[in-house]
Amino acid sequence: MGDLFGSYRSVGAEKRNRSFESVSAYEEHYMKLLKKYLNEINEIEEMMRNLRKERQDFYMKQLPAIKKAMVEDDVLSADCKAQWLTELQNNMERSFQISESLIQHYITKNLEEFKQALKDEVNKV
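Keep in mind that what you see is a predicted model, and the values were worked out from it rather than measured.

Here we look at the side chain of K81
For K81, the position within the fold is in helix α4 (residues 78-124). Here K81 is buried and forms no salt bridge, its nearest opposite-charge partner D74 lying at an N-O distance of 4.7 Å. Setting aside residues up to four positions removed in sequence, K81 forms contacts with M70, V71, D73 and L76.

Now the structure itself:
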């Protein structure tokens, strides 16, 4: 049957792990980049938290309060109320999705910048 794993026993120089110094330098540059982008990371986290809170508040507090007020009000027909509430909910969900898309675009832009900076630093090592 032969030696099936013989080619895996010796690793060529080009495939060997880098030296401790280069790995350490890479990690050091990575940590510096994290510190450099800390404000952006925190800002993104805050934007996502705010969006989740706004969405939760709308569905848990605002929409039920609006529904309750509309039920108590006899000005509109039941069909008109249902249609208006559906439109409100659809418009708000579309607004949340647009906000999420803008945040995602911001994240992608910053992530690409971060990756490029990391790549530049790795090339120096």
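Notes on a nonpolar patch on the surface
Among the surface-exposed residues, Y26, Y30 and M31 lie close enough to one another that they form a single nonpolar patch of about 280 Å² accessible area. Along the chain, the position of M31 falls in helix α2 (residues 20-36).

Describing the packing of α2 against helix α3 (residues 38-72)
One way to put it is that α2 packs onto α3 with a least axis distance of 4 Å and a crossing angle of 55°. With respect to α3, the axis of α2 lies oblique. For the pair formed by α2 and α3, the contact residues are L34, K35 and K36 on the first element and L38, E40 and I41 on the second. Of the residues that constitute the contact of α2 with α3, the class distribution is 3 nonpolar, no polar and 3 charged.

Focus: the packing of aromatic side chains
Ring pairs (aromatic) are described by centroid distance and by the angle formed between their planes. A full pass over the atoms with the stated rule returns 3 aromatic pairs. Seen in terms of ring centroids, F58 and F96 are 6.1 Å apart; in terms of plane orientation they differ by 65°. Their pairing is edge-to-face. Placement of F58 in helix α3 and of F96 in helix α4 is noted, with a sequence separation of 38 residues between them. Accessibility assignment for this pair places F58 and F96 in one class, buried. Between Y59 and F96 the ring centres are 6.5 Å apart and the planes differ by 45°, which places this aromatic pair in the tilted class. A residue pair is termed long-range when its members are at least 10 positions apart, and Y59 in helix α3 and F96 in helix α4 qualify at 37 residues. Each member of the aromatic cluster is reached from another via a ring pair, and the members are F58, Y59 and F96.

Description of the pattern of salt bridges
Using the criterion set out here, one finds 7 salt bridges in the structure. For R55, the salt bridge is made with E93, and the minimal N-O distance between the two is 3.0 Å. Within this pair, whereas R55 is found in helix α3, its partner E93 is found in helix α4, the two being separated by 38 residues in sequence. Of the charged contacts, one joins K61 and D57 as a salt bridge, the two residues approaching to 3.7 Å between their closest N and O atoms. Here the residue K61 and the residue D57 both occupy positions in helix α3, the gap between them amounting to 4 residues, near one helical turn. Given a relative accessible area of 54%, K61 falls into the exposed group. Several salt bridges converge on common partners, so that one network encompasses E45, E46 and R49.

Rules used throughout
- Residues numbered from 1 in each chain as written.
- Predicted model: local features only at pLDDT ≥ 70, side-chain atom pairs only at ≥ 80, totals over all residues.
- Heavy atoms only, no water.
- Helix = DSSP H or I, 4+ residues; strand = E, 2+ residues; numbered from the N terminus.
- Buried < 20%, exposed > 50% of the residue type's maximum accessible area, 1.4 Å probe, protein only.
- Lys, Arg positive; Asp, Glu negative; His and termini not counted.
- Salt bridge = Lys/Arg side-chain N within 4 Å of Asp/Glu carboxyl O.
- Contact = heavy atoms within 4.5 Å.
- Patch = residues over 30% accessible without salt bridge, like charges linked within 9 Å, V, L, I, M, F, W, Y side chains within 5 Å.
- Areas by Shrake-Rupley, 256 points an atom, 1.4 Å probe, with all protein chains shown as cover.
- Axes fitted to C-alpha atoms, helices over the stretch in contact; angles between N-to-C directions.
- Parallel < 35°, antiparallel > 145°, perpendicular 65-115°, else oblique.
- Nonpolar A, V, L, I, M, F, W, Y, C, P; charged D, E, K, R; others polar.
- Phe/Tyr/Trp six-rings, centres within 6.5 Å; stacked < 30°, edge-to-face > 60°.

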